[in-house]
Amino acid sequence: MLRDIQKDLSLTQVANVACLPGIVGPSLAMPDIHWGYGFPIGGVAAFDLDRGVVSPGGVGYDINCGVRLMRSNLKRNSLKDKLKNLIDAIYRNIPAGVGSRRKDLKLSPTDESKVMKNGAAWAIEQGFGISQDLGHIEERGCISGANPELVSNKAKDRGRSQLGTVGSGNHFIEIAYVAEIYQEEAAKVLRLEKDSVTIMIHSGSRGFGHQVCDDFLSVMLEASKKYGIELPDKQLACAPITSKEGKNYLSAMACAANFAFANRQLMTHWVRESFHQVLDVPLKELGLDLIYDVCHNIAKVEEFNLQGKKRKLCIHRKGATRAFPPDHPTLPLDYKSIGQPVLIPGDMGRYSFVLLGTKRAMEDTFGSTCHGAGRVMSRHQAIKVAKGRAIIREMADKGILVRSAGKRTVVEEISEAYKDVAKVVNVVHMAGIGKRVVKLIPLAVLKG
Amino acid sequence: MKQFEYIEHTADLGIKVYGSTIKELFENAAVAFFEIFSEPGMIKPVLKRRIVVEKKGYEQLLVQWLGEFLYLFEVENLLFKECSIESLDENHLEAIVFGEEFDPGRHEIKNIIKAVTYHQLCIREKDGLYQTVIIFDI
């Protein structure tokens, strides 16, 4: 893996981040590190609140791109004949792919402001989900400090028709089953048993977040000049956290993060509805409860213990997951004994993992761990490698149904284009910055 | 002279764009965008849009210029095939773009560009030839 990492500029990017003003401790990279823009993907860095900077390039374009996982009372065998109908129902109920929009969800500008301010809670107030969902979302599905007035009309325009859609590229909705359990007790707390059916949703803030990032990159390029910050790469454009530009970015970023929380919450509701429609079983009996929802691209203020002193820092996680340990004050009661669930999706043909946050992560990596497999092939290369192959058929032969809005996406997302996520997870498990709990194997996937 | 060429980038897609003038560089960047995003040969120039961009410096202008095509696709469902830049200086661009509404039956979206990045972007002029790298987030 180290040899692969050295092939591109990602290590230079880690070094570049270490040069930014006010960084506290090391510029970190998780084992799924790969070449990003500005910060590498898999990069984690913490900044002093008075002397440090905030950078949109340290969060990424898809602000609060993240993953959520639902459990169920269903066992893999009970779905055998229904799987096709289930994934088709999800495909019908949740728009995916390029240019996808929702025709049934007309968001007025006032509604959109509420989405930006309240995140997942907005969706639940509208009847999309249950209040118990909130406790199982990072930050309870709402990052504070969101101010819709700081978001451009362009971002709002792009967001309005895209709320409640999966998007494209590596985004997906996946039905899987628990193939292996590594920690019986923890799995019990998560209410996951061998062969239990799970559903994973991977999506973010869609065009809304991209536009917020884009708008603020311009602002930050000017701010960097104004505050005399030298940039080894323009994509690292940043501003002091205490500056107007820095504060405004954090408020606008919170709007996009909340948009993403609401987005995943809406899709959760439609997944539940799809299961209910196809299986004709009451929702209560299906037990499609939210296990957890984590952000992969975010900047926020968190408290850490540094040399015996409590200190608040602005932590950037770009392609990294928060991994808080047992007894952390932000955890819901039911997870206090085990730590925060960490969801690590793999590629569509292999497996995904559920991990738990650890004390070691808190000490070594600002409560952070890896976020996924990471690509080893560009999309172009993947298309070349897959030439002449019927990928959907290959997947079906492996027992995995694939639905996709775009033919190219499936080809670009072939397993070989990604690192083996088991290897990535193994590294974080052995390093002690995430504890492996279960392995999930896909049964049916909806790709963007 | 080549208008543009592809460069490899693991997660995404990059190009190197050329132009004998700064205006041509901007036009060729648009041509590259249209070709990467869709199949310009399949798009009819039946409608036009005026694009006005105000930014500080050519690099920010270039990112915003291409960003406009993304915005118009996502919000108004429009695909483009040609452009004509009417005026361009360091802080201002005005252009007309031609294309039509996206029809999934007739048009293919080849690469879903999600953003135009500043990563490695640097407009340079050497011996009368302008060039820059542009990396797209896809």
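Data block above holds the structure.
Conventions used here
- Residues numbered from 1 in each chain as written.
- Chains lettered and ligands numbered in written order.
- Predicted model: local features only at pLDDT ≥ 70, side-chain atom pairs only at ≥ 80, totals over all residues.
- Heavy atoms only, no water.
- Helix = DSSP H or I, 4+ residues; strand = E, 2+ residues; numbered from the N terminus.
- Rg over C-alpha atoms; globule rule 2.2 N^0.38 Å.
- Buried < 20%, exposed > 50% of the residue type's maximum accessible area, 1.4 Å probe, protein only.
- Lys, Arg positive; Asp, Glu negative; His and termini not counted.
- Charge placed at Lys NZ, Arg CZ, Asp CG, Glu CD.
- Contact = heavy atoms within 4.5 Å.
- Pairing = 2+ DSSP bridges.
- Axes fitted to C-alpha atoms, helices over the stretch in contact; angles between N-to-C directions.
- Parallel < 35°, antiparallel > 145°, perpendicular 65-115°, else oblique.
- Left-handed = near helix turned anticlockwise from the far one by under 90°.
- Nonpolar A, V, L, I, M, F, W, Y, C, P; charged D, E, K, R; others polar.
- Core = buried A, V, L, I, M, F, W, Y, C linked by side-chain atoms within 4.5 Å.

What follows concerns the overall build of chain B. Helix and strand counts for chain B come out as 2 helices and 8 strands. Going from the N terminus to the C terminus, chain B shows its helices and strands as β-β-α-β-α-β-β-β-β-β. Over its C-alpha atoms chain B spans a radius of gyration of 14 Å, differing by no more than 12% from the 14 Å that the globule rule assigns to 138 residues. A principal-axis box enclosing the C-alpha atoms of chain B has dimensions of 45 × 35 × 25 Å. Residue burial in chain B is summarised as follows: out of 138 residues, 56% are buried. Across chain B, the centroid of the 15 positively charged side chains sits 1 Å from that of the 24 negatively charged ones.

Check the secondary structure of chain A and you find 16 helices and 16 strands. Along the three orthogonal principal directions, the C-alpha set of chain A runs to about 65 × 50 × 50 Å. Taken over 448 residues, chain A has a buried fraction of 64%. Sequence separation of at least 24 residues holds for 79% of the intrachain contacts in chain A that already meet a minimum separation of 6.

Take the pairing of strand β8 (residues 129-137) of chain B next. Residue and element names in this part refer to chain B. Strand direction decides the pairing type here: strand β2 (residues 13-19) and β8, joined by 7 bridges, are antiparallel. Within the sheet, the bridge partner assigned to Val17 lies in β8 and is Thr132. When strand β6 (residues 115-116) meets β8, the two strands line up antiparallel, connected through 2 bridges. Among the inter-strand pairings, Val116 is bridged to a residue of β8, identified as Phe136. Two elements, strand β7 (residues 124-126) and β8, share 3 bridges in a ladder whose sense is antiparallel. Looking at the pairing, Glu125 lines up with Tyr130 of β8.

A separate point is the packing of helix α7 (residues 153-160) of chain A against helix α2 (residues 58-76) of chain B. Between α7(A) and α2(B), the shortest axis-to-axis distance is 9 Å and the interhelical angle comes to 40°. Overall, the two elements α7(A) and α2(B) adopt an arrangement that is oblique. Relative to α2(B), α7(A) is oriented so that their crossing is left-handed. Note on element contacts: α2(B) touches α7(A) through Glu68(B), Leu70(B), Tyr71(B), Glu74(B) and Val75(B), opposite Lys154(A), Asp157(A) and Arg158(A). Taken together, the residues that form the contact of α7(A) with α2(B) break down as 3 nonpolar, no polar and 5 charged.

All names here are of chain B. Ordered by their spatial adjacency, 3 strands build an open sheet running β3-β5-β4, and the pairing between neighbours is antiparallel. Looking at strand neighbours, the two that pair on one side only are β3 (47-54) and β4 (78-89), the edges of this open sheet. Strand after strand, the sheet turns through a mean of 20° between neighbouring axes, direction not considered. The sheet contact formed by β3 and strand β5 (residues 92-101) spans 8 bridges and is antiparallel. When the sheet's bridge partners are listed, Val52 is paired in β5 with Glu94. Of the strands in this sheet, β4 and β5 are in contact with helix α1 (residues 22-37), which crosses β4 at around 170°. Across the sheet, α2 is in contact with β3, β4 and β5; its angle to β4 comes to roughly 150°.

It is worth spelling out the side chain of Asn77(B) at this point. Tracing the backbone shows Asn77(B) in the loop between α2 and β4. Given the relative accessible area of 16%, Asn77(B) is considered buried. In this structure, Asn77(B) is in contact with Arg101(A), Leu72(B), Glu100(B), Glu101(B) and Phe102(B), ignoring residues within four places of it in sequence.

Our focus in this paragraph is the sheet that holds strand β1 (residues 23-34) of chain A. Residues and elements named next belong to chain A. In space, the 4 strands of this open sheet follow the order β1-β2-β10-β9, with antiparallel pairing throughout. The open sheet has two edge strands, β1 and β9 (297-306), and neither has a second partner. Going across the sheet, the axis of each strand differs from the next one's by a mean of 25°, ignoring polarity. Bridging between β1 and strand β2 (residues 41-48) involves 5 bridges; their strand directions are antiparallel. Following the sheet pairing, His34 is matched in β2 by Ile41. This element, helix α2 (residues 10-18), spans β1 and β2 of the sheet and lies at about 165° to β1.

All right, on to unusual backbone geometry then. The phi angle at Arg191(A) is positive, at roughly 60°, despite the residue not being glycine. Examined against the element boundaries, Arg191(A) turns out to sit in the loop between α8 (184-189) and β6 (197-203).

On to the nonpolar core, then. Ile175(A), Phe275(A), Trp65(B) and Phe136(B) are the most contacted members of the largest nonpolar core, which has 133 residues in total. Here this core gets 17 residues from one element, more than from any other, and that element is helix α10 (residues 244-279) of chain A. Look past the residues within four positions of Phe136(B) in its chain and what remains in contact with it is Tyr37(A), Asp12(B), Leu13(B), Ile15(B), Phe33(B), Ile36(B), Leu66(B), Ile113(B), Ala115(B), Val116(B) and Thr117(B). Grouped together as the second largest cluster of nonpolar side chains are 61 residues, Ala186(A), Leu313(A), Phe366(A) and Val438(A) included.

Geometric values such as these leave the question of function open.
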